[in-house]
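Fold and geometry: a report
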Amino acid sequence: MGAWLREPVSGRLLVLVMGTGVGAALLDSGRPVTLDGVGCGHTGQLDVSLTDDAPIGPDAGRGSLEAYVGLPALRARFGDDPAPLIAALDEPDQALRALARAIRICHAGFTPAHIRLAGGVGAMFAPALPVLRPLIERDLTLVASER
């Protein structure tokens, strides 16, 4: 709700909250949308495998979004302060490709008009948005609410 209250938008807003794990909130003009009466699913557990030897996430699931962009995974790759290295990521990087894949899945499943990255890790990815956006938009499904 905080992301919407700071900057209200009309239509659906998907907020990916990225930190130790990855969570999501789906709001429609500021009102929560749920799948099970509680939330919009376990977004961090989306299988965004890029290879057969995809990393294993903290939930023990191979190829989960958290295995690529959760803070423990990023620290394992980049050290205790991953922010400067995340800011410099380019297109072939597995973290960017996995995040783009997850957002593309969310476009198909939730049809948000707006998406925001939130949380400490989400803020670390802000400088990479110019690289991330084309990865998301390339051949994005036609069911996405806005192209």
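The present account deals with the structure reproduced in this document. (Residues numbered from 1 in each chain as written. Predicted model: local features only at pLDDT ≥ 70, side-chain atom pairs only at ≥ 80, totals over all residues. Heavy atoms only, no water.)

Overview of the layout of surface pockets
Each pocket or cavity is described by its volume, and for the second largest pocket that value is around 160 Å³. Forming the walls of the second largest pocket are L50, E91, R97, A100, R101, R104, L135 and R138. Looking at the lining of the second largest pocket, the element that brings in the most residues is helix α5 (residues 94–110), giving four residues. Residues belonging to the lining of the second largest pocket are distributed by class as follows: three nonpolar, no polar and five charged. (1 Å grid on protein atoms, 1.4 Å probe; cavity = no way out; pocket = protein on both sides within 12 Å on 5 of 7 lines; lining within 4 Å. Points joined across faces, edges and corners; volume = space filled by probe spheres on them. Helix = DSSP H or I, 4+ residues; strand = E, 2+ residues; numbered from the N terminus. Nonpolar A, V, L, I, M, F, W, Y, C, P; charged D, E, K, R; others polar.)

Notes on the environment of P127
Inspection of the secondary structure puts P127 in the loop between α6 (119–125) and α7 (129–137). With relative accessibility at 46%, the residue P127 sits in the partly exposed group. Each C-alpha atom of the pair P127 and V17 lies 16 Å from the other, and the pair is 110 residues apart in sequence. (Buried < 20%, exposed > 50% of the residue type's maximum accessible area, 1.4 Å probe, protein only.)

Some points on the nonpolar core
By size, the foremost hydrophobic cluster in this structure holds 32 residues, and its most contacted members are M18, V69, L99 and F125. Elements that contribute at least two residues to this core include exactly β1 (12–18), β2 (22–28), α2 (65–69), α3 (71–78), α5, α6 and α7. The element contributing the most residues to this core is α5, with nine residues. Beyond its immediate chain neighbours, meaning those up to four positions away, F125 contacts M18, V69, L74, I86, L89, A95, L96, L99 and L117. Ranked by size, the runner-up nonpolar core spans seven residues in total, among them A3, W4, L27 and A118. (Core = buried A, V, L, I, M, F, W, Y, C linked by side-chain atoms within 4.5 Å. Contact = heavy atoms within 4.5 Å.)

Quick look at the sheet that holds β2
In space, the four strands of this open sheet follow the order β3-β2-β1-β4, with mixed pairing throughout. Since the sheet does not close on itself, it has two edges, and those belong to β3 (31–32) and β4 (114–118), each with one partner. Of the strand pairs in this sheet, β2 and β3 are connected by two bridges, and their pairing is antiparallel. The partner of L27 across the bridge, within β3, is P32. (Pairing = 2+ DSSP bridges.)

Quick word on the pairing of β2
Two strands pair when backbone bridges link them, and β1 and β2 are joined in this way by seven bridges, in the antiparallel orientation. Pairing of L16 across the sheet is with A24, part of β2. Connecting the antiparallel pair β1 and β2 is a turn made up of three residues. Taking the residues that link successive antiparallel strands as the turn, the β2-β3 hairpin has two residues, and the phi of S29 there is positive, at about 50°.

Quick word on the pattern of salt bridges
Where charged atoms from two side chains of opposite charge approach closely, those side chains can pair. Under the criterion given, the structure shown has five salt bridges. Its salt-bridge partner being R133, residue E137 comes within 2.9 Å of it at the nearest N-O pair. Of this pair, E137 and R133 both sit in helix α7, separated by four residues, roughly a single helical turn. For E137, a relative accessible area of 38% corresponds to the partly exposed category. The class for R133 is exposed, based on a relative accessible area of 55%. (Salt bridge = Lys/Arg side-chain N within 4 Å of Asp/Glu carboxyl O.)

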